[in-house]
Amino acid sequence: MRVVLVAMLLALTALFTLALGVWLAAWVGLEVRRVYGQEWEMLGFLAVVLVMAGIAALAYRWQDQLMNMLGLASYAVPETLFCQTCGATSSPDAMACTACGGTRFAISMPGAPKTRWHVQIGMDVLCSDGRPVGTVKRRRVKDFLVARALQRDVYVPFSAIAGANAREVHLSVPFDMVGHSGWARPALVGRPN
Ligand SMILES: [Zn+2]
């Protein structure tokens, strides 16, 4: 709620700055016209508009830092992560689980149902033995396509996901099982369906 209020306040400030800027520019333009003549009016007007636009751009860039300073941006960082080996909660900056020493963490409990939203294009896909399979190429309703080096791409069902973090999808099957489980393969010719 506080975040929303501050964001609204910042937006209102930006609007006010713009309105003030236009008014100030018009006033400066008129003053310049009175002192230096009509041909300088537009120049004065534009100069003020440019300065105000610069201030607005800077304020926009500073907004993130300002939000950080006020401690309002911390909501974007998960407060706890779950060890994917034993399920214990852990702080986001921990290197290893204090309960079991595991090093795999994710935003949800291990074994929690994984939806297709845990899988993003470009993520690395790792097997249960830690060996990399490839990278996520596309998603379908019940599985996702993994691009493999020197091998045919393979569709991996979402049910084979053991866990996921921001960069990696961890499968519940060992490397040798990938592609030998009756998973769908994209057609060699034409678009995969
Ligand atoms: Zn653990």
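Residues numbered from 1 in each chain as written. Predicted model: local features only at pLDDT ≥ 70, side-chain atom pairs only at ≥ 80, totals over all residues.

(A) Focus on the confidence of the model for the protein chain. Of all residues in the protein chain, 78% have pLDDT values of 70 or greater, and the mean over the chain is 78. Confidence scores differ between elements of the protein chain, with helix α2 (residues 41-69) showing the lowest mean pLDDT of 76 and strand β4 (residues 124-126) the highest of 93. (pLDDT = per-residue confidence, 0-100. Helix = DSSP H or I, 4+ residues; strand = E, 2+ residues; numbered from the N terminus.)

(B) The pairing of strand β9 (residues 168-171), seen in detail. Relative to β9, β4 is paired through three bridges, and the arrangement is parallel. Following the sheet pairing, Asp-124 is matched in β9 by Glu-168. Taken together, the three bridges between strand β8 (residues 161-164) and β9 define a ladder with antiparallel strand orientation. Across the sheet, residue Ala-164 finds its bridge partner in β9, namely Val-169. A loop of three residues connects β8 with β9, the two strands running antiparallel in sequence. (Pairing = 2+ DSSP bridges.)

(C) Quick peek at the sheet that holds β9. Strand order in the open sheet made by the six strands is β7-β6-β5-β4-β9-β8, with mixed pairing throughout. A strand with exactly one partner marks an edge of an open sheet, and here the two such strands are β7 (154-157) and β8. Direction aside, neighbouring strands of the sheet carry axes that sit 40 degrees apart on average. (Axes fitted to C-alpha atoms, helices over the stretch in contact; angles between N-to-C directions.)

(D) Region of the structure containing the sheet that holds strand β1 (residues 81-83). Read from one edge to the other, the open sheet built from three strands follows the order β2-β1-β3, with strand pairing classed as antiparallel. The open sheet is flanked by β2 (89-90) and β3 (105-106), the only strands paired with a single partner. Strand direction decides the pairing type here: β1 and β3, joined by two bridges, are antiparallel. Directly across from Phe-82, in β3, lies its bridge partner Ala-106.

(E) Representation of the environment of Asp-143. Mapped onto the fold, Asp-143 is located in strand β6 (residues 143-147). The partly exposed category is assigned to Asp-143, around which 19 C-beta atoms lie within 10 Å. Asp-143 sits 40 residues away from Trp-183 along the chain, and the two C-alpha atoms are 9.2 Å apart. Excluding its chain neighbours within four sequence positions, the residues that come into contact with Asp-143 are Tyr-155, Val-156, Pro-157, Phe-158 and Ala-184. (Buried ≥ 20, exposed ≤ 12 C-beta atoms within 10 Å, placed from the backbone. Contact = placed C-beta atoms within 7 Å.)

(F) Representation of the nonpolar core within the structure. Val-125, Val-136, Phe-144, Val-146, Val-156, Val-169 and Leu-171 are the most contacted members of the largest nonpolar core, which has 21 residues in total. Every element with two or more residues in this core is listed here: β1, β3, β5 (132-139), β6, β7, β8 and β9. (Core = buried A, V, L, I, M, F, W, Y, C linked by C-beta atoms within 7 Å.)

(G) Examining the pairing of β5 more closely. Examined bridge by bridge, β4 and β5 share three bridges and lie antiparallel to one another. Following the sheet pairing, Leu-126 is matched in β5 by Pro-132. Counting the residues in the hairpin turn of β4 and β5 gives five residues, including Gly-130, whose phi is positive at 90 degrees. As paired elements, β5 and β6 share four bridges and run antiparallel to each other. Its bridge partner lying in β6, Val-136 is registered against Val-146. Joining the antiparallel neighbours β5 and β6 is a turn of three residues.

(H) Geometry of the environment of Pro-92. With respect to the element layout, Pro-92 can be found in the loop between β2 and β3. What makes Pro-92 exposed here is the crowd of 11 C-beta atoms within 10 Å. As for Pro-92 and Phe-105, which are separated by 13 residues in sequence, their C-alpha atoms are 8.6 Å apart.

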